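# Architecture at a glance
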Amino acid sequence: MGLLSLGTPLPWNEAKKHADHVRYHGISQFLNTWRRLKDRQGDELMWGDEIEYMIVELHDKDKNAVLSLCQTDILRKLDSSTRQIDADTDDSIVAPTFHPEYGRYMLESTPGVPYTSCVHDLALVEGNMRYRRALARSELLPNQRPLSITSFPRLGAPGQFTEPYYDPSNAVSSHSLFLPEEITNPHARFPTLTANIRRRRGSKVAINLPLFIDVKTPRPHVDPLIPWERSVYEEDPEAKNGAALADHIYMDAMGFGMGCCCLQLTFQACNVTESRRLYDAFVPVAPIMLALTAASPLYRGYIADVDCRWNVIAGSVDDRTPEERGLKPLKENRFRIPKSRYDSVDLYIADTWMNRPEYNDTDVPYDLAIYDRLVKDGEFCIDAHLSKHLAHLFIRDPIVIFSELLDQDDETSMDHFENIQSTNWQTVRFKPPPANSSIGWRVEFRSMEVQLTDFENAAFAVFIVLLSRAILSMNLNFYIPISKVDENMQRAQRRDALSTQRFFFRRDVFPPPRSQDTSPTPSGASTPGSNTSSRTKSRRMNNCHPTPPPPEDGSTSVPVEEEYTEFTADELMNGSGAFPGLIGLTETYLEELEIEPDERYKIDSYLDLVRRRANGSLSTTAAWMRNFVISHPAYMRDSVVSQEINYDLMRAVDEIERGVRREPTLLPENYTGGAKDKGCL
């Protein structure tokens, strides 16, 4: 959720007066960073993961599973524990870190230090994840569980879904019909963000997920659980005035989206050029990984007809006014904005011959004055691709402004830049170096849903790390039109997308052959099937690969429309005909590395999980959850996730993670749970 600054947050009617100030100085701060660090070279690969958990309490007597609003107390205990670990160990061991998140029931964890380019670090990921969960569990009450679930099935449902219970009628920041104020992290940033999104939009957010229709689901389904006649806040009539759609699950607050959990990865690149290449390559991959990690089919006590969180979060922070959404002619606002500020990427940004203009084929509004300022900055001018990207991000208003931070030193601060950058939540994020830091240019991969077990989370993390190395070392080209990426994002969220949908992807991902190319890359061949037996294998997954040269004839060979086709998930991941599959590409890259047998065994187990998810021999978390609900003896075939069903589901999730419950359709038979393997640093 970004930096938690201390100070006095401004309500929207005051904050909007300073929006241009923040935008202007945010761009100034980026330009100063660009001038200093655009030529920075040679940064080694460093990377890390972020995992989020929900603290769930199991009330056995009442057969109820609820969210524990204990974040503040748990973080205080974990801070003490991690300090003690650091004090009791030598410098080679660094305790993990735990952070607050939007929901008062959420924890975020990261490794204490980034992983490096060493191959051995890949084998450490799962143990570190397990250790973090075990450490969090050790500070909880006996009936509390740190569950890595993407969405809580009964968040906002009638009855008690938090401990302690609070009344939604006191939701002073969101004005929600369903969620109490106390569900939100009390730090001033979060309730202000919630309230200012509502105020800027001119109404509450309106999220409508299609309902899974079962044989006893009333049709049309007019939700009887919505308090249609409540009259506490001026927005209360919105639901009955059209915001709540029939045959849908209606949600009306930021907490429904930002209260979801996910798995994210951040990579440090060699330089700004390499970070932009990796950013672009990740853009078409993001929807595919969303489908593979689908884990959230249950919302507000109902079964949804989708499997993923993405559109829920997009709707939960959609601060666009009616004019910006195209519902009214532009008068008070400058732009019609096609997407929420949380959505898929709109522009490729690499300044390379591979990034053809035809790929950026969607309507992308941008601030022309900001664009001109960036491209005309004298000897430090920024190319058109990156300038348009930034000018597009900066059409958004800053939502939370702290009065004490209005005036900053643009030479030493990046706070105004990050105010807008960090509230453009996209599937991939290009990240400049922070102020006053040794950290370099980075890329964040953001689309994946968190999985129930640390084995699964480690598997997907390691896969993306290896794919990133294959992309750079083999000069892979994943470009397809952004419009097709957008379509993939919607397909990825559909129920059982891996078995029912096809996804657009590039046919030929390899660089054009060159007649005389004898220059080796730092850690891999540039084309598949190269003779690698004479090369010295490396223990490091290097950065700093040469920029791929353009075709020798100086032209692209085929129309864009012929460059891509539709693949099943199985074909896309495991290969089809001449297309090697994304797993095949990572395996080609692995042949360039010197890997110990135990390391390779672990890596292969991760790739096998990804492979089996794609080919359907293992189900997604979403499919398993939906099947659990509809197979439950208490399920009435009416699309409802009752309190009893949710309790049994949360118990099962905990038992699966600990390894005391076997689910062969979800995990491999040799899975070892957290009860036996608590991990290590």
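Residues numbered from 1 in each chain as written. Predicted model: local features only at pLDDT ≥ 70, side-chain atom pairs only at ≥ 80, totals over all residues. Heavy atoms only, no water.

### Observations concerning the overall build of the protein chain
Spelled out, the test is: Starting at the N terminus, helices and strands are each numbered in turn, a helix being any DSSP run of H or I of at least four residues and a strand any DSSP run of E of at least two. Residue contacts are defined here by distance: any two heavy atoms, one from each residue, within 4.5 Å place the two residues in contact. Residue-level accessible areas treat just the shown protein chains as cover; the underlying method is Shrake-Rupley with a 1.4 Å probe. Positive residues here are Lys and Arg, negative ones are Asp and Glu, while His and the chain termini are left out of the count. For this purpose, a charge sits on NZ of Lys, CZ of Arg, CG of Asp or CD of Glu.
Assigned secondary structure in the protein chain consists of 20 helices and 17 strands. The principal-axis extents of the C-alpha atoms in the protein chain amount to approximately 75 × 60 × 55 Å. Intrachain contacts of the protein chain at a sequence separation of at least 6 include 79% that bridge at least 24 residues. Accessible surface computed for the protein chain: about 25,500 Å², of which carbon and sulfur atoms make up 49%. Put simply, the protein chain has 76 plus and 98 minus side-chain charges, and the middle of one group is 3 Å from the middle of the other.

### Re the environment of K602
Looking at the element boundaries, K602 is found in helix α18 (residues 597–615). Beyond its immediate chain neighbours, meaning those up to four positions away, K602 contacts A123 and E126.

### Thoughts on the environment of L609
For clarity, the cut-off: The buried label applies to any residue whose accessible area, calculated with a 1.4 Å probe on protein chains only, is under 20% of its type's maximum; exposed applies above 50%, and partly exposed to all values in between.
Mapping L609 onto the fold places it in helix α18. The buried category is assigned to L609, whose relative accessible area is 2%. Counting along the chain gives 591 residues from L609 to H18, while the straight-line C-alpha distance between them is 49 Å. Leaving out residues up to four positions away in the same chain, L609 has contacts with F455, E456, A459, F460, L618, L666 and P668.

### Quick notes on unusual backbone geometry
Working note: non-glycine residues mostly have negative phi, and peptide bonds are mostly trans. Here the amide bond leading from E163 into P164 is cis, since omega sits at 0 degrees, within 30 degrees of zero. As for its placement among the helices and strands, P164 is situated in the loop between β6 (162–163) and α5 (189–201). In this model, R219 is joined to P220 through a cis peptide bond whose omega is -10 degrees. Take P220: it is sitting in the loop between β7 (207–210) and α6 (239–243). The backbone of D247 shows a phi angle near 60 degrees, a positive value even though the residue is not glycine. Here D247 shows up in the loop between α6 and β8 (248–251). One non-glycine residue, N436, lies in positive phi territory at about 55 degrees. Relative to the elements of secondary structure, N436 occurs in the loop between β14 (428–431) and β15 (442–445).

### Looking at helix α17 (residues 582–590)
By the criterion of burial, α17 is predominantly enclosed, with 7 of the 9 residues buried. Inspection of α17 places L582, I583, G584, L585, T586, Y589 and L590 among the buried residues, and these make up the whole buried set. Looking at the buried residues of α17, the elements they touch are α13 (454–473), β16 (502–506), α16 (569–574) and α18.

### Digging into the pattern of salt bridges
Stated precisely, the cut-off is as follows: Each salt bridge in this description consists of a side-chain nitrogen of Lys or Arg and a carboxyl oxygen of Asp or Glu lying within 4 Å of one another.
Applying the stated rule across the entire model yields 58 salt bridges. For K38, the salt bridge goes to D39, with nearest N and O atoms at 3.2 Å. Across the pair R145 and D654 runs a salt bridge, and its minimum N-O distance is 2.8 Å. Taken together, the residues span a long stretch of sequence, with R145 in strand β5 (residues 144–147) and D654 in helix α20 (residues 643–658) at a distance of 509 residues. This pair shows no difference in class: R145 is buried, exactly as D654 is. Taken together, the salt bridges that share partners define one network made up of D20, R23, R200, D319, E324, R341 and D397.

### Quick look at the packing of helix α4 (residues 125–138) against α13
Our working definition: Axis lines are fitted through C-alpha atoms, for helices just across the contact stretch, and the angle between N-to-C directions can take any value from 0 to 180 degrees. Working rule for angles: under 35 degrees goes down as roughly parallel, over 145 as roughly antiparallel, 65 to 115 as roughly perpendicular, anything else as oblique. Handedness of a helix crossing follows the sense of rotation of the near helix relative to the far helix, less than a right angle counterclockwise being left-handed and clockwise being right-handed.
Put simply, α4 and α13 touch, their axes get as near as 9 Å, and they point 140 degrees apart. Judged by the angle between their axes, α4 and α13 are oblique. Considering how the two elements wind past one another, α4 and α13 form a crossing that is right-handed. Note on element contacts: α13 touches α4 through D454, F455, N457, A458, A461 and V462, opposite V125, E126, M129, R130 and R133.

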